[in-house]
Amino acid sequence: MVSQLNFIEFKDRLTDLTVDGNPFLKGSPLALLSINFSNKIFYGRLEKQEFYITKNANILLTPFLISGEFKKVGKFTDVEYEISPLKFGYYWMKMYPIITNVILLTIIIINVSEFSFQKVNLNFITIFIFIAVEAFLFSPLLYLKRCKIALERKFLENLEIRNR
């Protein structure tokens, strides 16, 4: 892909939009170490012609990393990048609803086992409906897809990157 910015403008803009830090922290249990109150869009590391960035957020983290390199091509900048998941954060977001539902069901089964058979059936039906609705409304896969698309869109728009 090609950025409409020249090499120096591209590097300066990317530097201006990025808080310096280790982007892998944002996708790990140590994300608290990367908390900052900057209004910059990205969080990551820039090297001479390489970059490793993710979304700069303290609460709604995006478990994706944009890594790539850029080089001068005429008066424009050629940008090659790929988006990959930050392993812990990505799998945590996929597994969290399952773990939560298993724990919730275990607690409910232990507490409900003391009631009569008819109440147990009503409680299980209610719980099943609740979990089914929760699974469809708060699907982590849809959230992850939206995060990835939004991160890539911000990256492309702010650095004026277009297809060749």
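Structure: above.
Owing to the predicted nature of the structure, the values given are computational and were not obtained by experimental measurement. (Residues numbered from 1 in each chain as written. Predicted model: local features only at pLDDT ≥ 70, side-chain atom pairs only at ≥ 80, totals over all residues. Heavy atoms only, no water.)

Within the protein, the regular secondary structure consists of 4 helices and 7 strands. Order of helices (α) and strands (β) in the protein, N terminus to C terminus: β-α-β-β-β-β-β-α-α-α-β. Burial statistics for the protein: of 164 residues in total, 34% are counted as buried. Looking at the protein alone, contacts between residues at least 24 apart form 58% of all its contacts between residues at least 6 apart. (Helix = DSSP H or I, 4+ residues; strand = E, 2+ residues; numbered from the N terminus. Buried < 20%, exposed > 50% of the residue type's maximum accessible area, 1.4 Å probe, protein only. Contact = heavy atoms within 4.5 Å.)

Read from one edge of the open sheet, 7 strands run 2-3-4-5-6-1-7, paired in mixed fashion. Strand pairing shows two members of the sheet lacking a second neighbour, strand 2 (18–20) and strand 7 (161–162), which therefore form its edges. On top of the sheet, helix 1 (residues 7–17) reaches strand 1 (2–3), strand 2, strand 3 (42–46), strand 4 (50–55), strand 5 (64–73), strand 6 (76–85) and strand 7; it is set at about 155 degrees to strand 5, its chief contact. (Pairing = 2+ DSSP bridges. Axes fitted to C-alpha atoms, helices over the stretch in contact; angles between N-to-C directions.)

Okay, the nonpolar core next. Counting residues in each nonpolar core, the largest one holds 22 residues, and the members touching the most others are Phe10, Phe51, Ile66, Val79, Tyr81 and Phe155. Contributions of two or more residues to this core are made by helix 1, strand 4, strand 5, strand 6 and helix 4 (140–158). Among the elements that take part in this core, helix 4 stands out by supplying 5 residues, more than any other. The contact partners of Phe10, leaving out residues within four places of it in the chain, are Ser3, Leu5, Phe70, Thr77, Val79, Leu159 and Ile161. (Core = buried A, V, L, I, M, F, W, Y, C linked by side-chain atoms within 4.5 Å.)

Moving on, we come to the packing of aromatic side chains. Taken as a whole and judged by the stated rule, the model has 6 aromatic pairs. Between Phe51 and Phe70, the ring centres sit 6.2 Å apart and the planes meet at 25 degrees, which makes this aromatic pair stacked. Of this pair, Phe51 sits in strand 4 while Phe70 is found in strand 5, placing the two residues 19 residues apart along the sequence. A relative accessible area of 2% places Phe70 in the buried class. (Phe/Tyr/Trp six-rings, centres within 6.5 Å; stacked < 30°, edge-to-face > 60°.)

Mapped onto the fold, Thr18 is located in strand 2. In this structure the side chain of Thr18 is engaged in a polar contact, spanning 2.7 Å, whose partner is the backbone oxygen of Leu14. Each residue touching Thr18, except ones within four places of it in the same chain, is listed here: Lys40, Phe42, Tyr43, Gly44, Leu46 and Ile53. (Polar contact = N/O pair within 3.5 Å; in protein donor to acceptor, adjacent residues only side chain to side chain.)

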